[in-house]
Amino acid sequence: MTQNMTETVSLVTRIVQEVLTQSTSEKTGYLVPIGVSARHIHLTQEHVEALFGKGYQLTKKKDLMGGQFAANEQVTIVGEKLRAIENVRVLGPVRKQSQVEISKTDTFKLGVKAPVRESGNVAGSAPIAVVGPKGTIYLKEGCIVAKRHIHMSPKDAAQTNLKDGDVVSVVVDNERGTTFNHVQIRVDEKFTLEMHIDADEANAAGIGAGVSGRIV
């Protein structure tokens, strides 16, 4: 074998080894269950009473992580062009600030320009009207498309060497083979490990119940 052939074989061998090493590293990424978050609304107690009646308290339908719950109560949300979406689920408990979370497809239906934001960051976001059985409220800001994120406990954060506010990528090895970039880490003692995406993202990536991704 000539020197040139030997060098070529050596180069090819090294490239193959690097590809195999990278593939193995990706396959051992930290697995995280993926949950699909439907459109919903968080309300202050003041707004709960404005929509459902004086002294009204939200009633629990289903427990969610972090002490939150899906309430039995639902509302209608209305964009500035008077386009509406009915049966939007209220999540409890009440918050200090009301917030509507929708998908990008919903923004087209409602005719609103809701920005992609982390939950709670509603400054300068889209206005929206909310209609309940006893009244209506108008939010000058508060309608967002929720930024994809991962809830995790401090233990999970330690195992992945991540901290609250970090941004990662998550690979889903299904038939669509999707990589989600710009996924924000949210760490709290009350959280259990789960990545949250909206219905648009789930449909585009072919993600249903029981699907997990790998943090890479």
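Right above here is the structure, for reference.
Scope of this entry: the structure provided in the associated data block.

1. Structural notes on a negative patch on the surface
Together, Glu 118, Asp 164, Asp 188 and Glu 189 give the surface a local cluster of negative charge. Given the relative accessible area of 31%, Asp 188 is considered partly exposed.

2. A short note on the pairing of strand E8 (residues 126–131)
Within E8, five of the six residues are buried, which leaves the element mostly enclosed by the surrounding structure. Strand direction decides the pairing type here: strand E4 (residues 69–78) and E8, joined by three bridges, are antiparallel. Considered in E8, the bridge of Ile 77 is made with Val 130. Bridge count between E8 and strand E9 (residues 136–146): five bridges; the pairing is antiparallel. Among the inter-strand pairings, Val 130 is bridged to a residue of E9, identified as Ile 137. Taking the residues between adjacent antiparallel strands as the criterion, E8 and E9 are bridged by four residues.

3. Some points on unusual backbone geometry
Here the bond from Gly 92 into Pro 93 is cis, since omega is 0°, no more than 30 degrees from zero. When you line up the elements, Pro 93 lands in the loop between strand E5 (84–92) and strand E6 (99–102). Unusually for a residue other than glycine, Asn 87 sits at a positive phi of about 55°. Looking at the element boundaries, Asn 87 is found in strand E5. By relative accessible area, Asn 87 is classed as exposed at 53%.

Criteria and thresholds
Residues numbered from 1 in each chain as written. Predicted model: local features only at pLDDT ≥ 70, side-chain atom pairs only at ≥ 80, totals over all residues. Heavy atoms only, no water. Patch = residues over 30% accessible without salt bridge, like charges linked within 9 Å, V, L, I, M, F, W, Y side chains within 5 Å. Areas by Shrake-Rupley, 256 points an atom, 1.4 Å probe, with all protein chains shown as cover. Salt bridge = Lys/Arg side-chain N within 4 Å of Asp/Glu carboxyl O. Lys, Arg positive; Asp, Glu negative; His and termini not counted. Charge placed at Lys NZ, Arg CZ, Asp CG, Glu CD. Buried < 20%, exposed > 50% of the residue type's maximum accessible area, 1.4 Å probe, protein only. Helix = DSSP H or I, 4+ residues; strand = E, 2+ residues; numbered from the N terminus. Pairing = 2+ DSSP bridges.

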